[in-house]
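The residues making up each chain are set out below.
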Amino acid sequence: MTDMLVPLYKLPPAKPVAEGIVIRRAIGPEMHVVCDFAEKHFSRNWASECAVAMAAQPANVLVAVENGKLLALPATTPRRRASSARPALTRPRA
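Here is what the cut-offs are and how they apply
- Residues numbered from 1 in each chain as written.
- Predicted model: local features only at pLDDT ≥ 70, side-chain atom pairs only at ≥ 80, totals over all residues.
- Heavy atoms only, no water.
- Pairing = 2+ DSSP bridges.
- Helix = DSSP H or I, 4+ residues; strand = E, 2+ residues; numbered from the N terminus.
- Buried < 20%, exposed > 50% of the residue type's maximum accessible area, 1.4 Å probe, protein only.
- Core = buried A, V, L, I, M, F, W, Y, C linked by side-chain atoms within 4.5 Å.
- Arc of directions from axis to C-beta.
- Axes fitted to C-alpha atoms, helices over the stretch in contact; angles between N-to-C directions.
- Parallel < 35°, antiparallel > 145°, perpendicular 65-115°, else oblique.
- Left-handed = near helix turned anticlockwise from the far one by under 90°.
- Contact = heavy atoms within 4.5 Å.
- Nonpolar A, V, L, I, M, F, W, Y, C, P; charged D, E, K, R; others polar.
- Patch = residues over 30% accessible without salt bridge, like charges linked within 9 Å, V, L, I, M, F, W, Y side chains within 5 Å.
- Areas by Shrake-Rupley, 256 points an atom, 1.4 Å probe, with all protein chains shown as cover.
- Salt bridge = Lys/Arg side-chain N within 4 Å of Asp/Glu carboxyl O.

**Q** Outline the pairing of strand E3 (residues 69-73), supporting the account with residue identities and numerical values.
**A** Looking down a regular strand, the side chains alternate between one sheet face and the other. Sheet topology places strand E2 (residues 62-66) next to E3; three bridges connect them, and they run antiparallel. Note on E3: the bridge partner recorded for Val65 is Leu70. Between E2 and the antiparallel strand that follows it, E3, lie two residues; Asn67 among them carries a positive phi value of about 50°.

**Q** Can you lay out the environment of Asp36 for me, pointing to particular residues and giving the numbers?
**A** On the secondary structure map, Asp36 appears in helix H1 (residues 31-41). You can call Asp36 partly exposed: its relative accessible area is 47%.

**Q** How would you sum up the nonpolar core? Please name residues and give values.
**A** With 14 residues, the main nonpolar core has Ala26, Val34, Cys50, Val61, Val63 and Leu73 as its most contacted residues. Looking at this core, the elements that each hand over two or more residues are H1, helix H2 (44-55), E2 and E3. No other element matches H1, which puts four residues into this core.

**Q** Explain H1 residue by residue, including any values.
**A** Those residues of H1 not exposed but buried are Val34, Cys35, Phe37 and Ala38. Looking straight down H1, one finds that the buried residues subtend no more than 155° of arc, so they occupy a single side.

**Q** Summarise unusual backbone geometry; cite the residues concerned and give the values.
**A** Between Gln57 and the following residue, Pro58, the backbone shows a cis peptide bond with an omega angle of -5°. In this structure, Pro58 sits in the loop between H2 and E2. Backbone geometry at Asn67 places phi at a positive 50°, although glycine is not the residue there. Turning to its location among the elements, Asn67 is positioned in the loop between E2 and E3. Residue classification places Asn67 among the exposed positions, given a relative accessible area of 76%.

**Q** Account for the packing of H1 against H2, naming residues and giving values.
**A** Look at H1 against H2: their axes get within 7 Å of each other, and the N-to-C directions meet at 155°. It follows that H1 is roughly antiparallel to H2 by the angle criterion. The two elements H1 and H2 cross, and the hand of that crossing is right-handed. Residues Met31, Val34, Cys35, Ala38 and Glu39 of H1 form the contact with H2, whose participating residues are Arg44, Trp46, Ala47, Cys50, Ala51 and Met54. By residue class, the composition of the contact of H1 with H2 is nine nonpolar, no polar and two charged.

**Q** Tell me about a nonpolar patch on the surface, and please be specific about residues and values.
**A** Taken together, Val6, Leu8 and Leu11 make up a surface patch of nonpolar side chains, about 330 Å² in accessible area. The exposed category is assigned to Val6, whose relative accessible area is 59%.

So this is what it looks like as structure tokens:
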């Protein structure tokens, strides 16, 4: 059987999402912002999921930020691994 390993160091760098938008892991002091965002734009249940994901070490929440403003957040919890299908939470456009 052939080697099925993928040399990740040979992959090209990821392309930026858009000019000025940064995607990064959320940090502990942002927990209230992330959970409030989820509750305001989606539901209280999503806020709870975000709280669980923020409690993981490291936090399992990525945030999309533009000029210091939260645009979107996908979240995974210890119950669901990053490889599983999971909807992304995004702020509805006005």
